[in-house]
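# A closer look at the structure
Below, each chain spelled out in residue letters.
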Amino acid sequence: MPAHDPTTFQETEVHPTAPFTVHRSDDGRWYTVTGDCPACHGRTVFRVAHGVLGPLKGRWRRRDAEPEPLTGAIPVYCQCGYPHPERPPESPDAGCGAFWDVPVPPATPPGGAP
Ligand SMILES: [Zn+2]
Ligand SMILES: [Zn+2]
């Protein structure tokens with residue numbers, strides 16, 4: 001595993017060469033993307049909410065009320081947590097500014113693989 005590279009903060013699109021792990025939570029509402037940032041090599045864990053549709057309108061939440069699986073790609077921003085020079089204090093990112101797309105793996109069909 002390469003050491004972290006404290007690159008100067010720059011918002012730039014990069015193209016990862018190493019695979020990323022995409023994990024869908026059991027209730028289908030969270031996707032967690034884990035891997036090493038292609039730009040600074042920091043370990044990045046990026047979480048995105050999916051299918052959270054605001055306040056429940058007074059109806060019971062059913063156990064099977066899962067959102068449709070996400071398709072396409074998840075836009076991931078570096079979240080290495082290391083300091084990077086020239087990162088704007090107002091930046092919400094905790095990384096080097098690099099961002100990239102991670103393709104979402106096909107969803108497991110209902111009643112499919114254990
Ligand atoms: Zn970094
Ligand atoms: Zn980075």
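Residues numbered from 1 in each chain as written. Chains lettered and ligands numbered in written order. Predicted model: local features only at pLDDT ≥ 70, side-chain atom pairs only at ≥ 80, totals over all residues.

## Some words on the overall build of the chain
Formally: Secondary structure elements are taken from DSSP: a helix is a run of H or I of four residues or more, a strand is a run of E of two residues or more, and numbering for both begins at the N terminus. Burial is judged by counting other C-beta atoms within 10 Å of a residue's own C-beta: 20 or more means buried, 12 or fewer means exposed, and anything between counts as partly exposed, with every C-beta placed from the backbone.
Per the secondary structure count, the chain includes zero helices and six strands. Reading the chain from its N terminus to its C terminus gives the helix and strand order β-β-β-β-β-β. Counting every position in the chain, which comprises 114 residues, the buried fraction comes to 18%.

## Some points on the sheet that holds strand β2 (residues 21-24)
This is how the line gets drawn: The pairing criterion is simple: DSSP has to find at least two bridges between the two strands. Where helices are involved, their axes are fitted lines through C-alpha atoms of the stretch in contact, as for all axes, and angles between N-to-C directions lie from 0 to 180°.
One open sheet holds the three strands; their spatial order is β2-β3-β4, and the pairing between them is antiparallel. The open sheet is flanked by β2 and β4 (43-49), the only strands paired with a single partner. On average, each strand axis in the sheet is tilted by 15° relative to the strand beside it, whichever way the strands run. Pairing geometry for β2 and strand β3 (residues 30-36), over four bridges, is antiparallel.

## Comments concerning the sheet that holds strand β1 (residues 12-13)
Read across the open sheet, the three strands follow the order β1-β6-β5; overall the sheet is mixed. Of all the strands in the sheet, the pair left with one neighbour each is β1 and β5 (73-77). As paired strands, β1 and strand β6 (residues 98-103) are joined by two bridges and run parallel to one another. Residue pairing across strands places T12 opposite A98, the latter belonging to β6.

## Details of the environment of E68
Tracing the backbone through its elements, the reader meets E68 in the loop between β4 and β5. E68 sits in the exposed class, given 9 other C-beta atoms within 10 Å. In the structure, E68 is positioned 40 residues away from G28 in sequence and 7.9 Å away in space, judged by C-alpha atoms.

Geometric values such as these leave the question of function open.
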